[in-house]
Amino acid sequence: MTDKNYDSILKMIRNRFHAEDGKFVPLHAPTFAGNEKRYLEECIDSTFVSSVGAFVDRFERDMAAFTGAKRAVVCVNGTNALHMALMLAGVERDDEVLTQSLSFIATCNAISYIGAHPVFIDVDYDTMGLSPDALRSWLKENTERDGDGTLRNKKNGRRVKAVVPMHTFGHPCRIDMIADICDEYGIELVEDAAESIGSWYKGKHTGTFARVGAISFNGNKTITTGGGGMLLFNDEKLADYAKHLTTQAKVPSRWEFVHDHIGYNYRMPNINAALGCAQLEEIDGFLKSKRETAEVYKNYFSGSDDGVRFMAEPENSVSNYWLNAVAFPSREDRDRFLEYSNDHGVMTRPIWELMWRLPMFEDCERDSQENTIRLADTIVNLPSSVVL
Ligand SMILES: *Cc1c(COP(=O)(O)O)cnc(C)c1O
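What you are looking at is a predicted structure, and each value in this text was computed from that prediction instead of being measured.

## Topic: the packing of aromatic side chains
- Within the structure shown, the criterion is met by 11 aromatic pairs.
- Seen from their ring centres, Y264 and Y266 are 5.2 Å apart, and the 40° between their planes marks the pair as tilted.
- Clustering of aromatic rings is evident, with ring pairs tying together Y6, F328, F337 and Y340.
- Cation over ring: R366 sits above W356, and NZ or CZ is 4.0 Å from the ring centre.
- When the ring centre of Y125 is taken as origin, the NZ or CZ atom of R374, which lies over that ring, is 3.9 Å away.

Dropping the structure here:
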């Protein structure tokens, strides 16, 4: 590809984001166009800015309603929502947790906080999320049941406890097939739906297929609370237990400080929830705008002969198109485009460094990683902010 191809891509992007004048185009900036200031002011005036307050309860109710989960429980951020989700799934020190190396570092960090070990399973090329076929093959080849019926890794004897697929860039993975495999093998499913608020698979919201799913409201996600996370549940009791653990495991009492478990201060403050309530009111418009951007990208790349492939939403799903992704013909093309676009005021990014290429996870077990490597070599994220 030539600079002319790259320039034409940047023109198209600048046009979509009304930045023809040459102003900087970020990858994903938040949009505050609704009741954000009003609710923040209300929150401050109430003095309830911290761990107790009406906005927290409302945000949990609104998120449950939006996603169709029976219950939603707030967290301080997506990373500790994942940490909590793994603990609720019963993951313990020295367990193995099967996940994808094509993810943001938080997925693996959360597994590591418990002292468990990630194992990296390949992704499907089209969804960029954990591949059910690769998962099944790994389980078939590498696990056996001990005398108690516990599923163990044949090589090291570790218990294989959970699977954590991630809905990459908002595209749902084949979560129903993954859930079936987990049922068949008796392992826990935890959904990293950090990126996929507003994404549905076969009519069901991502993050609601497992007993517990985690969402992030970091500043660069589809909607934001500044920093924040949410756990989604279909089980009231588990949600109650999550609420208990995320609030220091304090036993209700008028004034006594009694705690019945090692607890966590993982509850989102009311002031962040105020922002969240306002953002959630706006989400339908945000999702509509993001789909329009995806359409612009899709049309452009399907009409050009530069060999760049737009990663469209997979079959049976509605993607939130959190970050639009395109695959360049080669790693060299990818690198040159990254350089050209970032030199010319249009922010673009490659996919994350694969987890097993980082020093903390280089010794972790992994399968062929064929699709993972191909995607890591060629994918670029294009600007995807909401356009109002
Ligand atoms: C953003 C993200 C998280 C973590 O969320 P934070 O709110 O930033 O802690 C976890 N997993 C994935 C895949 C993410 O993209």
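Let us keep going from here.
## Some points on the sheet that holds strand 8 (residues 200-201)
- Spatially, the three strands line up as an open sheet ordered 9-8-13, and their pairing is antiparallel. Sheet topology places strand 9 (204-205) and strand 13 (317-318) at the edges, where each strand pairs with a single neighbour.
- Where strand 8 and strand 9 come together, two bridges link them in antiparallel fashion. Residue pairing across strands places Y201 opposite K204, the latter belonging to strand 9.

## A look at the pattern of salt bridges
- Following the criterion strictly, the structure yields 23 salt bridges and no others.
- Here K243 and E60 are joined by a salt bridge, their closest N and O atoms 2.5 Å apart. You can see K243 sitting in helix 8 (residues 236-246) and its partner E60 sitting in helix 3 (residues 54-67), a full 183 residues away along the chain. In this pair, the class of K243 matches that of E60, namely buried.
- Close ionic contact of E292 with K288 constitutes a salt bridge, the shortest N to O distance being 3.4 Å. You can see E292 and its partner K288 sitting in helix 10 (residues 283-303), four residues apart, about one turn around the helix.
- A residue is classified by how much of its surface remains accessible, and E292, at 36% relative accessible area, is partly exposed.
- Each of R16, K288 and E292 takes part in salt bridges that share partners, so that together they form one network.

## Section: the pairing of strand 1 (residues 71-75)
- Of all five residues in strand 1, five are buried, a share of seventy percent or more.
- A two-sided burial pattern is seen for strand 1, the buried positions comprising R71, V73 and C75 on one face and A72 and V74 on the other.
- Where strand 1 meets strand 11 (residues 229-233), five bridges bridge the pair, whose relative direction is antiparallel. Counted as the bridge partner of A72 is L232 from strand 11.

## A closer look at the site of the ligand
- For the ligand, the set of nearby residues contains 16 residues, the closest of which are G78, T79, E195, S216 and K221.
- Among the elements of the structure, helix 4 (78-88) and helix 5 (106-113) are those that each provide at least two residues to the shell around the ligand.
- The dominant element in the shell around the ligand, judged by the number of residues it contributes, is helix 4, at three residues.

## Some points on the side chain of Q369
- Along the chain, the position of Q369 falls in the loop between strand 15 (349-350) and helix 12 (370-378).
- Owing to a relative accessible area of 0%, Q369 belongs among the buried residues under this scheme.
- Polar side-chain contacts of Q369 include one of 2.6 Å to the side chain of S101.
- A distance of 2.9 Å separates a polar atom in the side chain of Q369 from a polar atom in the side chain of W356.
- Apart from the residues within four sequence positions on either side, Q369 is in contact with S101, F120, I121, D122 and W356.

## A closer look at the environment of N299
- Structurally, N299 can be placed in helix 10.
- Of the residues examined, N299 reaches a relative accessible area of 47% and is grouped as partly exposed.
- For N299 and Y321, which are 22 residues apart along the polypeptide, the C-alpha to C-alpha distance reads 15 Å.

Cut-offs used in this document
- Residues numbered from 1 in each chain as written.
- Predicted model: local features only at pLDDT ≥ 70, side-chain atom pairs only at ≥ 80, totals over all residues.
- Heavy atoms only, no water.
- Phe/Tyr/Trp six-rings, centres within 6.5 Å; stacked < 30°, edge-to-face > 60°.
- Lys NZ or Arg CZ within 6 Å of the ring centre and 35° of its normal.
- Pairing = 2+ DSSP bridges.
- Helix = DSSP H or I, 4+ residues; strand = E, 2+ residues; numbered from the N terminus.
- Salt bridge = Lys/Arg side-chain N within 4 Å of Asp/Glu carboxyl O.
- Buried < 20%, exposed > 50% of the residue type's maximum accessible area, 1.4 Å probe, protein only.
- Near = heavy atom within 4 Å.
- Polar contact = N/O pair within 3.5 Å; in protein donor to acceptor, adjacent residues only side chain to side chain.
- Contact = heavy atoms within 4.5 Å.

Shape is all these values report; function is a separate question.
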